[in-house]
2 protein chains.
Amino acid sequence: MVTRTDAPTRREQILKEAARLFAERGFHGVGVDEIGAAVGISGPGLYRHFAGKDAMLAELLVGISGRLLTGAKRRVAEAGGTARPEAVLDSLIEGHIDFALDDRPLITLHDRELDRLRDSDRKLVRQLQRQYVELWVEVVRQVHPGLPEPAARSAVHSVFGLLNSTPHLGRRGSLPGRGATAELLHRMAKGAFAAAGEAAETLAVG
Amino acid sequence: MVTRTDAPTRREQILKEAARLFAERGFHGVGVDEIGAAVGISGPGLYRHFAGKDAMLAELLVGISGRLLTGAKRRVAEAGGTARPEAVLDSLIEGHIDFALDDRPLITLHDRELDRLRDSDRKLVRQLQRQYVELWVEVVRQVHPGLPEPAARSAVHSVFGLLNSTPHLGRRGSLPGRGATAELLHRMAKGAFAAAGEAAETLAVG
DNA sequence: GGAGTGCGTTAACGCTCATTAACACGTCAG
DNA sequence: CTGACGTGTTAATGAGCGTTAACGCACTCC
């Protein structure tokens, strides 16, 4: 875990605020003046840091997908050697939940504004996402060997939907606290996978 | 079940195409000319049928929320009298899955473009959504009595996220067929609720 | 001390796009 | 026959917005 002590650079401030605004009102729904105002400069000043509005979105989405994937790879490598597959899956789930709870705006952007990207960027993001999914699918199939690959892939996407539902959970007041929420999400994800796996096993055995 | 044999009216064509386009590229991402072209008339001709672009979105969102809620109420009334709570929950899940599989574009719109509405419309949609959630929460708590209300509400939102993930499942080719997909989603939803409920019961007993 | 550079500013351009105006043409009641 | 009405059309309007131009002002480094 690398912790930073230095102040966030201007670029980072901009990206953070842009992410929040894009998530709240959509890419087309927020103007450059608004983004500028959110970091204390006005409108066209952003062009000293980014080539354009599109470039901000691109950097956000590529960054998200990349961090998700590298984090998952690291977790598989760390837990994969010694532990049983279920521990690896637990680690993946935990990582995704951390991300969903800590970076809600990015989660929202992730599956909402992908088509606004240039072809090359979109291809890159899609590729990163696909690798992330495949990594999960492998682990899930080790935990639930009976599950055929298409079903496993569907199950993974569905669990992502479950975990990514955090933006819809109450506006930070009604939640039972971060720890409890994470715990609940984790249990539900495991339960969902287990149900999918049991169905396949029942079918295979019966 | 009311089946219609008469041809769809122009208004309905427009709404259907608008829903598809809004879901694909976002409310701001699609122009009125495009919507018109999709039904064979061009641009401003839409204004003979709707007061404006906003009005189409409003009618779509209010319609979705309303149909979801009335459908759920009907299911609770039908299955609620005689059967055990679990059967009611099964019926709710089934209804939501039907909706998610049959009206994918609407599902996408439902939680993506709500803030584009006039205040009054948004309030109405939110109220309908809230009632729908509360109805689920009640049933879930009957099936899993140990589950505290906040946790049950979070669980319901999360299962919605799971069920609404259908737009992300393969582009209609890689899916194992509608029946199998519905079955898988149903099992996973039940599994997720069960896991949430077991956690609470374990806590209460232990 | 002056050229270069980083980071802002405000004003202007140009394009997209929702909406409105003005007009056209069927159908159908009286 | 004829007006009203429903349903289109194309042209014009006007606002919003991303982007670029032109300029200002610290700093820093020879």
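Higher on the page you've got the structure.
Residues numbered from 1 in each chain as written. Chains lettered and ligands numbered in written order. Predicted model: local features only at pLDDT ≥ 70, side-chain atom pairs only at ≥ 80, totals over all residues. Heavy atoms only, no water.

Caption draft 1: Here's a closer look at the packing of aromatic side chains. The final tally for this structure, using the stated rule, is ten aromatic pairs over all chains. Ring centres of A:Trp136 and A:Phe160 lie 5.0 Å apart, and the angle between their planes is 85°; this geometry places the pair in the edge-to-face category. Taken together, the residues A:Trp136 in helix α6 (residues 119-143) and A:Phe160 in helix α7 (residues 149-163) connect sequence positions 24 residues apart. For A:Phe160, a relative accessible area of 9% translates into the label buried. Consider the rings of B:Tyr132 and B:Phe160, whose centres lie 5.4 Å apart with planes at 20°: the pair is stacked. (Phe/Tyr/Trp six-rings, centres within 6.5 Å; stacked < 30°, edge-to-face > 60°. Helix = DSSP H or I, 4+ residues; strand = E, 2+ residues; numbered from the N terminus. Buried < 20%, exposed > 50% of the residue type's maximum accessible area, 1.4 Å probe, protein only.)

Caption draft 2: Representation of the protein's contact with DNA strand C within the structure. Neighbouring residues of DNA strand C: 15 residues in total, closest A:Arg10, A:Arg48, A:His49, B:Val32 and B:Tyr47. Here the atoms of DNA strand C within 4 Å of the protein split so that 58% fall in sugar or phosphate, with bases taking the remainder. B:Lys53 is positioned such that a nitrogen or oxygen atom in its side chain is 2.9 Å from a phosphate oxygen of DNA strand C. For the surface near DNA strand C, the per-class residue count stands at six nonpolar, five polar and four charged. (Near = heavy atom within 4 Å. Polar contact = N/O pair within 3.5 Å; in protein donor to acceptor, adjacent residues only side chain to side chain. Nonpolar A, V, L, I, M, F, W, Y, C, P; charged D, E, K, R; others polar.)

Caption draft 3: Highlighting the interface of chain B and chain A. If you look at the interface, chain B gives 33 residues, while chain A gives 33 residues. Carbon and sulfur atoms supply 66% of the area that chain B and chain A bury against each other, a total of about 2600 Å² over both sides. Broken down residue by residue, the surface that chain B buries against chain A is led by B:Arg112, B:Ser158 and B:Met188, which jointly contribute 20%. Linking chain B to chain A there are zero salt bridges. The interface formed by chain B and chain A contains six residue pairs in polar contact (both at pLDDT 80 or more). Secondary structure elements with two or more residues in the side of chain B that touches chain A: α1 (10-25), α7 (149-163) and α8 (178-205) of chain B. Partitioning the side of chain B that touches chain A into residue classes produces 15 nonpolar, eleven polar and seven charged. (Contact = heavy atoms within 4.5 Å. Buried area = accessible area lost by both parts, 1.4 Å probe. Salt bridge = Lys/Arg side-chain N within 4 Å of Asp/Glu carboxyl O.)

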